[in-house]
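# Commentary on secondary and tertiary structure
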Amino acid sequence: MLDKTADLAHDFVTRLAFLLFFLVFVRTRRDIRAAFLAYMLALYGAVPSALVNWLQGNLVLGFRAAASFGAGGNANKLSMICLMEMACWWFWALSNRGRSRRLVAAGAIAACLPVLLATGSRSGLLGAVVLGVLIQTGPRAFRVPARYVGMGVAASVLLVTTVIPAADWARMTHLMPTKAEDRGAASSNLMREDTILAGLHMIKDHPWLGVGLGNFREVSRQVYNDAFYRPPHNSYLWAASEGGVFVLGLYLFLLWITWRDLQVVTRLAHRDLEVGYIAAAIRIVYLLFCFFALFADLWQSPFTYILIGQIVAMRRYVERLPEPAGAAVRSARRSRYALAAPA
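Residues numbered from 1 in each chain as written. Predicted model: local features only at pLDDT ≥ 70, side-chain atom pairs only at ≥ 80, totals over all residues. Heavy atoms only, no water.

Between its first and last C-alpha, helix H2 (residues 29-44) extends 22 Å over 16 residues, near the 22 Å set by a 1.5 Å rise per residue. Turning to H2, its buried residues are Ile32, Ala35, Phe36, Tyr39, Met40, Leu43 and Tyr44. Along the long axis of H2, the arc covered by the buried residues comes to 160°, so they all point the same way. Turned more than 90 degrees off the buried face of H2, the exposed positions are Arg30 and Ala42. Buried residues along H2 sit in contact with helix H1 (5-25), helix H3 (46-55), helix H4 (75-94), helix H5 (99-118), helix H12 (273-292) and helix H13 (302-320). (Helix = DSSP H or I, 4+ residues; strand = E, 2+ residues; numbered from the N terminus. Expected span 1.5 Å × (residues − 1). Buried < 20%, exposed > 50% of the residue type's maximum accessible area, 1.4 Å probe, protein only. Arc of directions from axis to C-beta. Contact = heavy atoms within 4.5 Å.)

Here it is as C-alpha cells:
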C-alpha cells in the first residue's frame, strides 16, 4: 500500500478533537496547573524507564539509552524530553520557596542528566546549549545561579568519565562524522542525508500539494529508492514534502501565532504569578520544541497539540483577569516575577 493518507488523517482528526476538548475544559488556574503537571509528570515517566533499561543493559545499538514506551523510545526524542523536563522542574521549584519542593526538583533534574548524556544524541547536546542560553538570558530571577551551573558541568564530566558509555560521548561530540568513524554517528548521518535528499526531490516534483499526508516513507522507498525507510528527521521538510508549500506555510504560521500568544501570556503574567511561572516554563519548552523540530520527527506529534492548548488556555485566562493595583503592578514588574523581557 502506497497511500497512507487515511491513517494519518484519522490521527489528525482525533488529535484535533483532543485539542478542542482541551480548550473547552481547561479554563481556570486550577485547570491550567493540573494540565501542566500532567504534561510534566507524563513525560518524566520516560526518564526512570530509560534508567531501568540502562541498568538492565537494554541499550539501543548496545550503548544508547531509550525508554520502553512513548516518544522516549527514540533516543533523540528522549534527549529532548530530558531537556524539557529540566526546565519544567526548575520553574516548578522556583514557584514555591519550600525546601521539600527544591529537593524533589533537584532529584528529578539530577536523574535527567545521566539519561541525557546516555542518549548519545548530537541534537541533545546542541539542545542543552540552547536550554542554557534560554534560561540564562531570561529574567534575572529565573536564571540558574553560577554555582549550580558549575555543579552541573562537574557532574557531567564525572558521569562521562565514569558511567556513560564511551560510544555515547563520542557520538554526541562528532557532529560531522565520516563513514570511517563510529558506526552509530556515521550511519545516522548517511541515512539523514539520503532521507533529506528524498524529501527535497518530493518537494521539487510535488511543490503544491505534496505526496500526501503519511506517505513520505512509502514514496521515498517505492518511488525514490530510499533504502532506509525513515522519516526525514526534519519536521519542516516533512510538512513540505507531504503537504506542499501551503501546508508548510500554515504550519509555520500556526507556530508563529502560538508564539505571539505566548508573548501575550508572559506580558500579562503579573496578573497571576503562579500561571506566570508555568508560562516561563512553557516558553522554554516551546522554543526547545521548535528547535528539535529541525532534527526530530515532530510533524503531527501530539506535543504540538498539547503545547498549543496550554498556551491558548493560559492566554484566555490571564486576559480575563483584572490589572492589580498600580503599586502592586510596579512591584511585580520590578520583582522576580517580571516575565515579559530579560532583565
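Our next topic: the confidence of the model for the protein. Across the protein, pLDDT averages 89, with 90% of residues at or above 70. Of the regions scoring below 50 in pLDDT, residues 179-183 engages in eight contacts with residues more than four places distant in sequence or in other chains. Counting contacts from residues 327-338, a segment whose pLDDT is below 50, to residues more than four positions away or on other chains yields 16 contacts. (pLDDT = per-residue confidence, 0-100.)

The next subject is the pattern of salt bridges. If you walk through the whole model with that rule in mind, you get seven salt bridges. The closest approach of N and O atoms between Arg29 and Glu274, which form a salt bridge, is 3.7 Å. With Arg29 in helix H2 and Glu274 in helix H12, this pair connects stretches of sequence that are 245 residues apart. You can call Glu274 partly exposed: its relative accessible area is 28%. In this structure, Arg315 engages Asp261 in a salt bridge whose closest nitrogen and oxygen atoms are separated by 2.5 Å. Of this pair, Arg315 sits in helix H13 while Asp261 sits in helix H11 (residues 235-267), placing them 54 residues apart in sequence. A single network of salt bridges, built from pairs that share partners, joins Arg29, Arg33, Asp272 and Glu274. (Salt bridge = Lys/Arg side-chain N within 4 Å of Asp/Glu carboxyl O.)

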